[in-house]
Amino acid sequence: MMGEQTREGGGIMMPGGDQEPGSYYVGVDVGTGSVRAALVDQRGILLAFADQPIKRWEPQFNHHEQSSEDIWAACCVVTKKVVQGIDVNQIRGLGFDATCSLVVLDKQFRPLPVNHEGDSRRNIIMWLDHRAITQVHRINETKHSVLQCVGGVMSVEMQAPKLLWLKENLRETCWDKAGHFFDLPDFLSWKATGVTARSLCSLVCKWTYSAEKGWDDSFWKMIGLEDFVADNYRKIGNQVLPPGASLGNGLTPEAAKDLGLPAGIAVAAPLIDAHAGGLGVIGADVRGHGLACEGQPVTSRLAIICGTSSCHMGISKDPIFVPGVWGPYFSAMIPGFWLNEGGQSVTGKLIDHMVQGHAAFPELKAKAAARCQSVYAYLNSHLDLIKKAQPVGFLTVDLHVWPDFHGNRSPLADLTLKGMVTGLKLSQDLDDLAILYLATVQAIAFGTRLIIEAMEAAGHSISTLFLCGGLSKNPLFVQMHADITGMPVVLSQEVESVLVGAAILGACASGDFTSVQEAMARMSKVGKVVFPRLEDKRYYDKKYQVFLKLVEHQKEYAAIMKGD
Ligand SMILES: Nc1ncnc2c1ncn2[C@@H]1O[C@H](COP(=O)(O)OP(=O)(O)O)[C@@H](O)[C@H]1O
Ligand SMILES: O=C(CO)[C@H](O)[C@H](O)COP(=O)(O)O
């Protein structure tokens, strides 16, 4: 068996001790800010990890673009790194997950520009791009029945409004030349295998496809994208596979060379990143941790994947319609289960924004660097210093934040909402920055509470949270989620659980497990459990009341300004 894992320089973790032959899987996770890869064994243990930043462009406000060639190149770099030094013939499967961004290629699979500048490197409209606001309003005005499966209101972050924007704004340079529109996860699996089949996850969650009924011609005709119907959906996918299914003949020789893997290994139909995180955490054996969900069905667990955004993945045996929460989507994450996906469009990005934009940030950076700490570790210890005898969360008794700086995804489904801060003072010192950071983290946790309440009001019964993603590495973020929701938070043994989810896909495609459920039970494991401080409940209930008032007041302000 593998020896103790040790972290080496450059973010790569390699096993120490002797290595016995076994079956390994490679998971590749394309987040908003970086691409990560891991070599994972059959027990779900990460044997090697590597990451690499990816390029992003913001040519104008609300326009966010990336490059599929840059992303594929980064996938190749990190994959080559994680398989260094092992016998690659022991690798049995490869799984990809990625953000739900829109990739545009021409008929010969070459990148097409999604911008007025005609820069074809920038051929991806990112998930958080809000350029298609007028298009999404028109789509929502149709009240078409497909909208019932996205919480009643389509998000500007989904693919239909973005496609309509391309048709209306870049007709000659992009729309007429386009041969293929991919969700980013499906682009990656195509690159690896040459198979253009789409994952059920992408099409159901972001493209209005129904696992039971397929495409709805009347929707595309009604919104002005009848072109897809006429073409039998060739450009957006007319062959659909469940996540984890094996694609074609596996890895092509060309992709194998790019990635440093053997040709022909199994490649799985992929998942969107949040869904891979869900797969990586939700099925763990929880016995012996004193959790309410022990002995309860898996539907009592809510997976929250917290990176640039936070995604709240709840599953059910029967469809549940939650106003303002995406879904119900059948088999889009776990086969046989319906999925509801709540979300907050910016969480990690919001915390970074608040901290980096503060006048005391240069001082914070210097002090954290002097202690070889991240700015967040420094801020957390600074809060511990200034809290004195009281619980740290009580430092924000008169400072409150509404976190929708990029609109509200769930459960209000209102992209016009803005961020709010109340309780500002004239000071700009490090204490002030630390407390603003705390209030922002709390606001994100209150947003989660609002989402959970909406899900429970519609029929979900949730007792335990399973967190993963970059923000789950922040103990303050985790504790505030426990305290503010009143629920225990489970963290996985492997911090990089999204990559475990991607590896689970590879393992399923290899045929080493008979089902996704079996692979989840074997490969995801409980690490740490963080319980809520129930003695602080009254304080957080009061802060929650203020939280709800903030949005109520924001709507009142908007109404006043609209009036005569
Ligand atoms: N160790 C850490 N402590 C605190 N915050 C962290 C840590 N690592 C990552 N983050 C935060 O998590 C967010 C990114 O999470 P990640 O899962 O890498 O994002 P994505 O998948 O969107 O690329 C960032 O906002 C970052 O500040
Ligand atoms: O919509 C989503 C999932 O359905 C995610 O918000 C999107 O994919 C971005 O993920 P991340 O914050 O991990 O980069």
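- Under an unreviewed UniProt entry, the name given to the chain is FGGY carbohydrate kinase domain-containing protein, and the source organism is Canis lupus familiaris.
- If you open the UniProt record of the chain and go to Catalytic activity (unreviewed entry), you find "D-ribulose + ATP = D-ribulose 5-phosphate + ADP + H(+)".
- Per UniProt, the chain has the following entry under Pathway (unreviewed entry): "Carbohydrate metabolism; pentose and glucuronate interconversion."

Examining the UniProt feature "domain: Carbohydrate kinase FGGY N-terminal" (unreviewed entry) in the chain
Link 1 in the chain: UniProt tags residues 24-280 as "domain: Carbohydrate kinase FGGY N-terminal" (unreviewed entry).
Link 2 in the chain: A helix fraction of 32% and a strand fraction of 21% characterise residues 24-280, whose end C-alpha atoms lie 16 Å from each other.

Let's talk about the sheet that holds strand β10 (residues 178-183)
Link 1 in the chain: Taken together, 4 strands build an open sheet; the order of strands is β6-β9-β8-β10 and the sheet is antiparallel. Strands with a single pairing partner mark the edges of an open sheet, and in this sheet they are β6 (65-66) and β10.
Link 2 in the chain: With respect to the sheet, helix α3 (residues 159-169) is in contact with β8 (102-106), β9 (124-125) and β10, its orientation differing from that of β8 by roughly 40°.

Focus on the site of ligand 1
Link 1 in the chain: As a structural note, the neighbourhood of ligand 1 is formed by 15 residues, with T32, R36, T308, D352 and G470 the closest of them.
Link 2 in the chain: Measuring from an oxygen atom of ligand 1, one finds a backbone N or O atom of G470 at 2.9 Å.
Link 3 in the chain: L471 is positioned such that a nitrogen or oxygen atom in its backbone is 3.5 Å from an oxygen atom of ligand 1.
Link 4 in the chain: Protein burial of ligand 1: of its 570 Å² of free accessible surface, 75% is covered by the chains.
Link 5 in the chain: If one sorts the elements of the shell around ligand 1 by residue count, helix α11 (residues 348-356) sits on top with 3 residues.
Link 6 in the chain: Class assignment of the residues belonging to the shell around ligand 1 gives a composition of 2 nonpolar, 9 polar and 4 charged.

Comments concerning the domain arrangement of the chain
Link 1 in the chain: Taken domain by domain, the chain holds domain 1 (5-267), domain 2 (275-343 + 459-534) and domain 3 (348-449 + 536-562).
Link 2 in the chain: Its C-alpha centre places domain 1 at a distance of 22 Å from the equivalent point of domain 2.
Link 3 in the chain: If you look at the interface, domain 1 gives 45 residues, while domain 2 gives 37 residues.
Link 4 in the chain: Regarding the contact of domain 1 and domain 2, the summed buried area is about 3,100 Å², with carbon and sulfur atoms giving 63% of it.
Link 5 in the chain: R92 is paired through a salt bridge with D512; the nearest N and O atoms lie 2.5 Å apart.
Link 6 in the chain: Where domain 1 packs against domain 2, one counts 10 residue pairs in polar contact (both at pLDDT 80 or more).
Link 7 in the chain: Put simply, the parts of the chain that give the side of domain 1 that touches domain 2 at least two residues each are β3 (24-30), β4 (34-41), β5 (46-53), β7 (91-98), α6 (200-206) and β13 (266-267).

Overview of the sheet that holds strand β23 (residues 526-530)
Link 1 in the chain: Taken in spatial order, the 7 strands line up as β17-β18-β16-β15-β21-β22-β23 in an open sheet, and their pairing is mixed. Edge positions in the sheet fall to β17 (326-330) and β23, since each has one partner strand and no second. This sheet shows a mean twist of 25° between the axes of neighbouring strands, independent of strand direction.
Link 2 in the chain: Strand direction decides the pairing type here: β17 and strand β18 (residues 338-344), joined by 3 bridges, are antiparallel. Within the sheet, the bridge partner assigned to F330 lies in β18 and is W338.
Link 3 in the chain: Here helix α10 (residues 273-281) sits on the sheet in contact with β15 (301-306), β16 (310-316), β18, β21 (464-468) and β22 (489-492), set at roughly 130° to β15.
Link 4 in the chain: Against the sheet, helix α15 (residues 475-485) engages β15, β16, β21, β22 and β23, with an angle of about 160° to β21.

A word on the site of ligand 2
Link 1 in the chain: Looking at ligand 2, there are 14 residues lining it, with T32, K206, D273, S309 and E341 nearest.
Link 2 in the chain: One of the side-chain N or O atoms of D273 is found 2.9 Å from an oxygen atom in ligand 2.
Link 3 in the chain: One of the side-chain N or O atoms of S309 is found 2.6 Å from an oxygen atom in ligand 2.
Link 4 in the chain: Here ligand 2, which alone exposes 370 Å², has 95% of that area covered by the protein.
Link 5 in the chain: At 3 residues, the largest contribution of residues to the shell around ligand 2 is made by α10.
Link 6 in the chain: Class assignment of the residues belonging to the shell around ligand 2 gives a composition of 5 nonpolar, 5 polar and 4 charged.
Link 7 in the chain: Per-domain counts for the shell around ligand 2 show at least three residues from each of domain 1 (5-267) and domain 2 (275-343 + 459-534).

Let's talk about the pattern of salt bridges
Link 1 in the chain: Scanning all chains against the criterion turns up 25 salt bridges.
Link 2 in the chain: Between E65 and R122 there is a salt bridge, with the nearest N and O atoms lying 2.7 Å from each other. Taken together, the residues E65 in strand β6 and R122 in the loop between β8 and β9 connect sequence positions 57 residues apart. Residues E65 and R122 agree in their burial class; the two are buried.
Link 3 in the chain: Two residues, R121 and D119, come together in a salt bridge whose shortest N-O distance is 3.0 Å.

A look at the packing of aromatic side chains
Link 1 in the chain: Enumeration over the complete set of coordinates arrives at 22 aromatic pairs.
Link 2 in the chain: Ring centres of F446 and Y544 lie 5.8 Å apart, and the angle between their planes is 20°; this geometry places the pair in the stacked category. Here F446, found in helix α14 (residues 430-458), pairs with Y544, found in helix α18 (residues 537-562); they are 98 residues apart in sequence, far enough to count as distant. With respect to class, F446 is no different from Y544; both count as buried.
Link 3 in the chain: In this arrangement the basic side chain of R131 is found over the ring face of W165, its NZ or CZ atom lying 4.6 Å from the centre.
Link 4 in the chain: Geometry around Y544 places R449 over its ring, the cationic atom sitting 4.0 Å from the centre.

Procedures and definitions
- Residues numbered from 1 in each chain as written.
- Chains lettered and ligands numbered in written order.
- Predicted model: local features only at pLDDT ≥ 70, side-chain atom pairs only at ≥ 80, totals over all residues.
- Heavy atoms only, no water.
- UniProt positions renumbered as here; feature names shortened; annotations may be inferred.
- Helix = DSSP H or I, 4+ residues; strand = E, 2+ residues; numbered from the N terminus.
- Pairing = 2+ DSSP bridges.
- Contact = heavy atoms within 4.5 Å.
- Axes fitted to C-alpha atoms, helices over the stretch in contact; angles between N-to-C directions.
- Near = heavy atom within 4 Å.
- Polar contact = N/O pair within 3.5 Å; in protein donor to acceptor, adjacent residues only side chain to side chain.
- Areas by Shrake-Rupley, 256 points an atom, 1.4 Å probe, with all protein chains shown as cover.
- Nonpolar A, V, L, I, M, F, W, Y, C, P; charged D, E, K, R; others polar.
- Domains from an automatic or database assignment.
- Buried area = accessible area lost by both parts, 1.4 Å probe.
- Salt bridge = Lys/Arg side-chain N within 4 Å of Asp/Glu carboxyl O.
- Buried < 20%, exposed > 50% of the residue type's maximum accessible area, 1.4 Å probe, protein only.
- Phe/Tyr/Trp six-rings, centres within 6.5 Å; stacked < 30°, edge-to-face > 60°.
- Lys NZ or Arg CZ within 6 Å of the ring centre and 35° of its normal.

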